[in-house]
Amino acid sequence: MDLTVGPNFFFWDAAAVRQFYRSLADAPVARVVLGEVICSKRLPFWQDEIPAAVETLLAAGKDVAVTSLALITLKRERRLTADLIGMGLPVEVNDLSALRHIPEGAPFWVGPLVNVYNEGTLRWLARRGAVRVCLPPELPLASVAVLAAAARELGVAAEVWGHGKLPLAISGRCYHARLHDRAKDSCQFVCGEDPDGRDVETLDGQKFLAVNGVQTLSQSTASMAWQVERLRDAGVDALRLSPETGDFAALCRGYADRIAGGLSPEALAARLRGPLSDGFLAGSAGVEWSGVRA
Amino acid sequence: MPAAELPTMPRALALAIRPLPLLPLSVALGAVARRMTRSHPSMLKRLGDHGGKRFLIDPTDLPFVLLMVPARASVTALRRGERTAHDARLAGPLSAFLAMLHGAEDGDALFFSRDLTIEGDTSAVLALRNAIDDAELDLSAELAGAGGRFGTLIRRALERTERATGLALHRMDDHGEF
Amino acid sequence: MMELVCPAGTPAALRAAVEAGAHAVYCGFADETNARNFPGLNFSREELAEGISHAHARGAKVLVAINTFPRAGAEAIWHRGIADAARAGADAVILADLGLLAHAAEAHPDLRLHLSVQAAAANPDAINLYASAFGVRRVVLPRVLTVDEIAAINREIDVETEVFAFGGLCVMAEGRCSLSSYVTGQSPNMNGVCSPASHVVYSEEGGDLVSRLGGFTIHRTPKAAPAPYPTLCKGCFTSDEQTGHIFEDPVSLDASHLIPQLARAGVSALKIEGRQRSRAYVAQVVRAFRAAVEAEAAGQPMPASALARLTEGQAATAGAYAKTWR
């Protein structure tokens, strides 16, 4: 089992992006997916960093893929999607419509925002050219096991959400703009003020969700710290780590050590920013956590 | 959909029925319930496991509450305030219950407008609401039927009561009729 | 005339919808295969067959929603649903899952396929993909698009489009939301429920009605204020100093005044949400909308009076159809 770094969901400035991908060059991860998933309006602010980041990562021996947007509606966004194919990297499909731009049979990856819930869907995607699928974070272990077995037969690598705030929903509406009483078209990029999303609590002060532009995430950080053995037994090939602020390369090393057996679940969890969760995989609701609550 | 202005039970009428002994009321209600269960078998099927739950129906403008267990076709009238174990409680004016029972009002709308309040097992309440809605019940027809040869008289009396009080006492869609 | 597609959670609601003027009724089986898997709701196999012959005898169609995402290792339940709907004479099945669409196209080549809103096909590329891969004939558009965007989509596709005109409103792209399972373990995609009643607890606290879902506070409503159902995305929350409906106000969609624009945008069918609502509600909404689509077809103004009654006292929104919503 190895590690994949997923695309950054948040709006970071160019310098932060540059620093982040440089730090990954030496991190113990097998592959990196980059590009803008959430909002096409952010891309002009940091897209010039992409070529150098790709070069650095490829030179460091990583597999690199470029992601599609999660929700493609505008004409400009469709053109952007078509352009991804020309980058010469595998595309990670996070909106199915991206498939229209990928030639039949050309290999592609499938991201966690595509609904892959069963063998029939996996089979169809594999026939279409999928070689790697990150399963939706919502799936329980029983489903992951069935799908990982099916993926193996189909020659598709199966990946599972390993670390990060959970991508719970995507909308046409921008919640950051709404919180700042602005129209989506004149948002003034306020989501950039919250590099890990903006927290949402209940009226009773319970830590609940986080908003990131048009995306809604969990406020808890999902972590497979306690689930590594079960996922390995289920035949899962990789864990996906989702970018966050802080020393991310160190976080990658933590998970690599955990997989290699050099770090206990408690020790890894202790290094992570709480609250933590792994309930989608192992509990009766996504928000639950196998370890001891901090 | 707006919940139309719901009539409340006239105070005089509520006072008039206060001294009624509850045992005969329970017996009569039980007879109607058994009759309804017999003539609408799909209602219990629709309720599934929720059929065995205890529903406390609290018509807030009446002096008593009803404890209902659909699977046993049992309805018991109890004095308000008498402690009784139940799985779910529905409270609201009698008119709201009757309007929902007879398809004159939508349960969700009554709830949104706070005419009906629910506590306890929300799933069971939802199942009951849906099962009743599908059964296309007509309380007047059931009461008239249970009344045997007095059926016509009962029906006429109910018709007069409905006109006087504004309570929905018969099926209110295009198929209900007096 | 635009086709009016109306909800039926029970056989009685189906009959009410047909009688009120529905051109088509959509419904589902009483299990996890459809996105309104609520207690006491939906159809047995026998009820569906009866419902279909009732509707067909009166010139109305029946569309069967099998629009959850089959559970890994249990796809046979969903496959059986499609086979039974086809056998009962359904005019179409409404599907969302890629694997299920592939199965239906292969095993039931004569069955008409509609793409559920749960597939969230939000642009021409997605729609053309489903049309060319599976022969989908109609797409129910997600509620994230403006009227102009819908018109633009229709110019680039060959299949019919159906849009939501009235009822509950998802603020998230449908079929791509796991807020509900994050808190309750039950989601629209996997279980056909959102914010399920089984996880709702109401309590009176200091004069407020408090509703919680899976232990999380969704609303605190003062006495006598309207009490919305605790649907997660319509709750009242806090972020920094701000408190309010961060995702969506507890409103419902009413696009009745947009019917002429939607017709001009090339929309074939209008969908009314509400399989969980009563037959009384269904009859009232359907009657009003039937009058509206007839008026539109005859080039007459919308009969405003009939529709105003349906939203009176309850907040309504044109949702994403108006760009300002975003």
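Above this text you will find the structure in question.
Quick caveat: nothing in here was measured; it's all calculated off a predicted structure. (Residues numbered from 1 in each chain as written. Chains lettered and ligands numbered in written order. Predicted model: local features only at pLDDT ≥ 70, side-chain atom pairs only at ≥ 80, totals over all residues.)

(A) Region of the structure containing the environment of A320 of chain C. Its place among the elements puts A320 of chain C in the segment after β15 (316-317). For A320 of chain C and Q242 of chain C, which are 78 residues apart along the polypeptide, the C-alpha to C-alpha distance reads 24 Å. (Helix = DSSP H or I, 4+ residues; strand = E, 2+ residues; numbered from the N terminus.)

(B) Representation of the interface of chain C and chain B. Across the contact, 29 residues belong to chain C and 31 residues belong to chain B. Sorting the residues of the side of chain C that touches chain B by element identifies α1 (11-20), β8 (200-205) and α10 (279-297) of chain C as the ones contributing at least two each. Counted by class, the side of chain C that touches chain B contains 17 nonpolar, 8 polar and 4 charged residues. (Contact = placed C-beta atoms within 7 Å. Nonpolar A, V, L, I, M, F, W, Y, C, P; charged D, E, K, R; others polar.)

(C) Representation of the environment of P222 of chain C. All names here are of chain C. Relative to the helices and strands, P222 is located in strand β10 (residues 216-222). For the pair P222 and G206, spaced 16 residues apart in sequence, the C-alpha to C-alpha distance is 9.1 Å. With residues near it in sequence (within four places) discarded, P222 still touches G207 and D208.

(D) Quick look at the sheet that holds strand β4 (residues 88-92) of chain B. All names here are of chain B. Taken together, the 5 strands give an open sheet; going across it, the order is β3-β2-β1-β4-β5, and neighbouring strands pair in mixed fashion. Single-partner strands in this sheet number two, and they are β3 (74-79) and β5 (117-120). Between one strand axis and the next, the sheet turns by 20° as a mean value, whatever way the strands run. Contacting β2 (64-69) and β3, helix α2 (residues 22-39) runs over the sheet at an angle of about 155° to β3. Each of β1 (55-59), β4 and β5 touches helix α6 (residues 122-135); the most contacted strand, β4, lies at about 60° to it. (Pairing = 2+ DSSP bridges. Axes fitted to C-alpha atoms, helices over the stretch in contact; angles between N-to-C directions.)

(E) Spatial organisation of the sheet that holds β10 of chain C. Residues and elements named next belong to chain C. Pairing in this open sheet of 3 strands is antiparallel, and the strands run β8-β9-β10 from one edge to the other. Two strands lie at the open edges of the sheet, namely β8 and β10, each paired on one side alone. Across this sheet, the average inter-strand angle for adjacent strands is 20°, counted without regard to direction. With 6 bridges connecting them, β8 and strand β9 (residues 208-213) associate as antiparallel partners. If you follow V201 over to β9, its bridge partner there is R212.

(F) Layout of the packing of helix α5 (residues 119-128) of chain A against helix α6 (residues 141-154) of chain A. Residues and elements named next belong to chain A. Two elements in contact, α5 and α6, have axes whose closest approach is 10 Å; the angle formed by their N-to-C orientations is 25°. One way to sum up the angle between α5 and α6 is to call them roughly parallel. Here α5 and α6 pass one another in a crossing that is right-handed. Two secondary-structure elements touch here, α5 through E119, L122, R123 and A126 and α6 through V146, L147, A150, A151 and L154. (Parallel < 35°, antiparallel > 145°, perpendicular 65-115°, else oblique. Left-handed = near helix turned anticlockwise from the far one by under 90°.)

(G) Spatial organisation of unusual backbone geometry. Residue P275 of chain A is bonded to the preceding G274 of chain A through a cis peptide linkage, with omega at -10°. On the secondary structure map, P275 of chain A appears in the loop between α10 (265-270) and β12 (276-277). Its identity is not glycine, yet D181 of chain A carries a phi of approximately 60°, on the positive side. For D181 of chain A, the position within the fold is in the loop between α7 (175-179) and β8 (198-202). A tally of 7 C-beta atoms within 10 Å means that D181 of chain A is categorised as exposed. The residue A73 of chain B is not glycine, and still its phi comes out positive at about 50°. In this structure, A73 of chain B sits in the loop between β2 and β3. (Buried ≥ 20, exposed ≤ 12 C-beta atoms within 10 Å, placed from the backbone.)

Distances and angles like these do not, on their own, reveal function.
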